[in-house]
Each structure stands twice: as C-alpha cells, then as structure tokens.
Amino acid sequence: MKSFFNKDENVGREMHELITTLFPICRSITGNGVRETLKKIQTHIPIQINEVQSQTKVFDWTIPKEWNIQDAYVIDPNGKKIIDFKNSNLHVVSYSIPIHKKIELSELKPHIHTLPEMPDTIPYLTSYYNEDWGFCMSHNEFKKLQDGEYEIMIDSTLENGSLTYGEFLKKGEVEDEVLLTCYICHPSMCNDNLSGTALITFLAKHLENIKTKLSYRFLFIPETIGAITWLSKNEQNLHKIKHGLVATCLGDSGSSTYKKTRDGNNEIDRVAEYVLENSKQDYSIVDFFPSGSDERQFSSPKFNLPIGSLVRTLYGKFPEYHTSEDNLNFVKEEHLGDTFFKYSQIIYIIENNVKYLNLNPKCEPQLGKRGLYRQLGSQKISDQIELAMFWILNQSDGENSLLDISIKSKLDFSTIKQVADKLVDHNLLKII
Ligand code: ZN
C-alpha cells in the first residue's frame, strides 16, 4: 500500500500513452469501438467484458440497437470531399442511420452542425434515441459551402446486437466495496472520457496486486445507459458499496474540483476534501447537482450511493468540452499524474481510516519505559512522532477516526497512521 501511495512519476506518461492508443477509435454507447477499447484495456488489467442484448428493459429504459460505422463523407458539387470520417470521427453525429444519396445544399444544411462561437472546431453530437443522421464540421468550412448537388454517404448499421461494458473486481479482505467508474462511449476526445478511462485502468493496475482491506470494483461503461444497465443487474449487491468516485475530465490544466455525494456528508466527501486541502494547490468543492455524469444514476433517490466525483475542470466548464479541441494536446502527463496521485491518496486514507481505543486511558501511559519517548526531559517538543502519539492516545476514545485526529492535529495522515501502528505494536491501542 505504501509504494502505491508514494508519488509515481511515470504514471502520467503511461496514462497519456494509453489515451493516445485509444484516441482514434470511434466509440459510442454500443458497438465495436467499445469492444476494441475494452480489449486494449485488457492488455493492462483482466476486465470481464459483458454483453447485454438490445431491447433488454433496464428500469425505465430499453437498451438500444447496436450502432457501428465504417465510413462517411460529403462530396461537394466540384467533386471535392469536404467532410471525411477518416479524418475525424467527430464529423458524423453518433448513431446516424445509414444514408447514401445526392441532395441539394438547402436539404443538406439542416443536417450539418457547427459551433459558430468556436469556428475552427468540430462539435461532438449524438442522436442515440432519435433515428436521424447528421454531420459536424467547423463553422469556417461550413461558410464556404456553395449551392449545388452534394453526395452524402454514411456507411453505418443500426440493428439489434448488444451493449458492451467492462468490469473488474479486485477483492480485499472484506466485501465492502469502493466503486470506481468511468465511461467509454465518447469517440476521439481526451479529457471528457479518455482521461477517466486511463485513470481507472491504472488505478486498477496498481491495486490489482496489492493486499487491500476493501474490495475495489472498476466499471468501464457507456455513460447513462451503461450505468442504468449495471445498476439494474446488480441491485442486490449495492449495499456493499461504501465509497465511490466517478472519474472524468482529469487531465486539463485546471485545478481539482470535487463534486460531493448527494447527501454531502459521507466519508468519501471528508476524505476528498482533506486530500485537496493538503495538496497545497487551489481546489473547489461543489455540492451535488443532478446533472453531470453517472453520479446522476448512482445518486437517484432509491440508491443514493456514497459516490462523489473528483475531476479537474468540470464538464461543460472548459471551452474545449465536446469539441475536436479536446484532443491529445489538451490533456497533459503532469495533470494526469497529479490527479492519479490524488485518487491514490484518497484510497490510502479510506483503507486506513479506522477508529482506535486507547488501552491505557487513565492518564498518559509512560512512553519512556516503552522506548517511545525521547531520553532527555524538558526538551522542546518538535518531533512530529511524539506529537502524533499524544494526539492519538488522547483522541482514541472510540469516537474519533484517524482522519478526525489528523484534521484536529494538523498532522499528516500517513504520519498519524504510522504512529498508530507503532502504538498498536506496544499494546497501547486497538482497532475497534
Ligand atoms: Zn461528454
């Protein structure tokens, strides 16, 4: 556990490499892009790949038909290919139905989507539950279109198949679980989507071979419909989830943001706030709100799971969000590595945040005779270890956890934890 907790200088680079590998794949909420993504993740961790058939009822929703796409383009009246799916998979509205015909510009225009306020970028759009077709392009290119006949072609399929998701359980000493989730349904975008996928992959990879107290469940699901599907198939096991985080938007240069759980007073809320406060960096904490990512489903009133979300800049709050600008240059190794470190610190604390009972509660125990105290009396107490001993012994009345003691004493959690271990070894404390 200790080595995982230490800052890993390589993980940001490794995450960026995985993002680079996954970037070109055209993902959606179903289809071969999801399967290909999950197979690449399997080269890092042994995730189980699950398929749930189209038309399966999941609570109030129905799993849609499976969508796959081979190619798409638009050719202008001069024979020039002005939109080419092979250059960017954002050019096609996700879930576009197949089409191949020649139409006038006036007929084509309503099917072309642009972002006039960011005229050089391609927007990202979907039409999952409304059978339609469309193209996305930069507004500057759109303005150049001239009247005439255009050839449009979308070589896609939309038919019964299945929804695909990945899951990996790392068992701990107890069945209590930490749920760590990301979504795998966006095409070529890095911060929104792939940064979460990379972070969850490498957290799982680091935790896989470490002895942990808690069990860790990692989900790689299509956003919304995947979370609903997973919840509907696992309703009877949800009581095991004691903490959780939704991972997305983790590699931009913005400061960290923690979005609280629905109740706002779960242990994960205190731990995340503690880690951000002790990072000595700027950060923000926001209350739960019912839009956003999969915390919307995990926090629905019947489930109300203790799941927060630690991101950098919140989705929708950075201009590159859902555009071709959310690319490989937008996410940086150093930010990915920094976020990974914060997640690993959160895990270290929830693994070790237990309550102890002082076994010698009538006055202070004589530490000197146990070799736990400095030899010279009256010496100025500057030693963090001695201070930590006093704090832990005084506060271990069965009510205060190590995190409580760390917050009150302003002593680092890992110092408090190491000193508590020492006091247990000397039979002065026991875990309750
Ligand atoms: Zn998104």
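About the criteria used
Residues numbered from 1 in each chain as written. Predicted model: local features only at pLDDT ≥ 70, side-chain atom pairs only at ≥ 80, totals over all residues. Heavy atoms only, no water. 1 Å grid on protein atoms, 1.4 Å probe; cavity = no way out; pocket = protein on both sides within 12 Å on 5 of 7 lines; lining within 4 Å. Points joined across faces, edges and corners; volume = space filled by probe spheres on them. Nonpolar A, V, L, I, M, F, W, Y, C, P; charged D, E, K, R; others polar. Domains from an automatic or database assignment. Contact = heavy atoms within 4.5 Å. Buried area = accessible area lost by both parts, 1.4 Å probe. Salt bridge = Lys/Arg side-chain N within 4 Å of Asp/Glu carboxyl O. Polar contact = N/O pair within 3.5 Å; in protein donor to acceptor, adjacent residues only side chain to side chain. Helix = DSSP H or I, 4+ residues; strand = E, 2+ residues; numbered from the N terminus. Buried < 20%, exposed > 50% of the residue type's maximum accessible area, 1.4 Å probe, protein only. Pairing = 2+ DSSP bridges. Axes fitted to C-alpha atoms, helices over the stretch in contact; angles between N-to-C directions. Expected span 1.5 Å × (residues − 1).

Digging into empty space enclosed by the protein
Evaluated as defined, the whole model comprises 3 cavities of 30 Å³ or more. Each pocket or cavity is described by its volume, and for the largest cavity that value is around 50 Å³. Taken together, Cys-26, Arg-27, Trp-67, Phe-85, Asn-89, Leu-90, Val-92, Ser-94, Tyr-124, Leu-125 and Pro-187 form the lining of the largest cavity. Residue composition of the lining of the largest cavity, grouped by class: 8 nonpolar, 2 polar and 1 charged. Shared between two domains, the lining of the largest cavity holds at least three residues of each, these being domain 1 (11-64 + 162-352) and domain 2 (66-159). For the second largest cavity, the calculated volume is near 40 Å³. For the second largest cavity, the full set of lining residues is Glu-177, Arg-217, Trp-230, Asn-234, Asn-237, Leu-238 and Ile-241. Of the residues contributing to the lining of the second largest cavity, the split by class is 3 nonpolar, 2 polar and 2 charged.

So, the domain arrangement of the protein
Taken as a whole, the protein is organised into domain 1 (11-64 + 162-352), domain 2 (66-159) and domain 3 (355-431). With centres defined by C-alpha atoms, the gap from domain 1 to domain 2 works out at 31 Å. Residue-level contacts link 25 residues of domain 1 with 18 residues of domain 2. When domain 1 packs against domain 2, close to 1700 Å² is buried across both sides, 57% of that on carbon and sulfur atoms. The largest share of the area that domain 1 buries against domain 2 comes from Cys-26, Ile-29 and Ser-324, three residues that together contribute 25% of it. Where domain 1 packs against domain 2, one counts 1 salt bridge. Of the charged contacts, one joins Arg-35 and Glu-66 as a salt bridge, the two residues approaching to 2.9 Å between their closest N and O atoms. Summed over the shared surface of domain 1 and domain 2, the number is 10 residue pairs in polar contact (both at pLDDT 80 or more). Looking at the side of domain 1 that touches domain 2 residue by residue, the class counts come to 11 nonpolar, 12 polar and 2 charged.

Digging into the side chain of Gln-395
Within the secondary structure layout, Gln-395 lies in helix α11 (residues 384-395). What makes Gln-395 buried here is its relative accessible area of 11%. Among the polar contacts listed, one links the side chain of Gln-395 to the side chain of Asn-394, at a separation of 2.9 Å. Discounting chain neighbours no more than four positions away, the residues touching Gln-395 are Asn-400, Ile-405 and Lys-408.

Overview of the pattern of salt bridges
Scanning all chains against the criterion turns up 16 salt bridges. Close ionic contact of Lys-342 with Asp-338 constitutes a salt bridge, the shortest N to O distance being 2.7 Å. Here Lys-342 and its partner Asp-338 are both found in helix α10 (residues 333-352), 4 residues apart, which amounts to about one turn of the helix. Of the two residues examined, Lys-342 and Asp-338, each falls in the buried class. Each of Arg-35, Glu-51 and Glu-66 takes part in salt bridges that share partners, so that together they form one network.

Side note on unusual backbone geometry
One non-glycine residue, Tyr-95, adopts positive backbone phi at about 80 degrees. Assessed through its relative accessible area of 1%, Tyr-95 is described here as buried. Although it is not a glycine, Lys-410 sits at a positive phi angle of roughly 60 degrees. If you trace the backbone, Lys-410 turns up in the loop between α12 (402-409) and α13 (413-425).

Notes on the sheet that holds strand β5 (residues 81-84)
Backbone hydrogen bonds are what pair the strands of a sheet, in a parallel or an antiparallel way. One open sheet accounts for 4 strands, arranged β5-β4-β9-β6; its pairing is antiparallel. Edge positions in the open sheet fall to β5 and β6 (99-104), since each of these has one partner strand only. The average angle at which neighbouring strand axes cross in this sheet is 15 degrees, direction not considered.

Some details on helix α6 (residues 190-208)
Compared with an ideal rise of 1.5 Å per residue, which puts 19 residues at 27 Å, α6 spans 25 Å between its outermost C-alpha atoms and is within 8% of the ideal. With 16 of 19 residues buried, α6 lies mostly within the body of the structure.

Some details on the sheet that holds strand β19 (residues 429-431)
Pairing is antiparallel in the open sheet, where 3 strands are placed in the order β18-β17-β19. Each of the sheet's edge strands pairs with one partner strand only, and the pair in question is β18 (397-401) and β19. Along the sheet, successive strands turn relative to each other by an average axial angle of 35 degrees, direction set aside. The pairing of strand β17 (residues 355-358) with β19 spans 3 bridges and is classified as antiparallel. From the neighbouring strand, Asn-358 faces β19, where its bridge partner is Leu-429.

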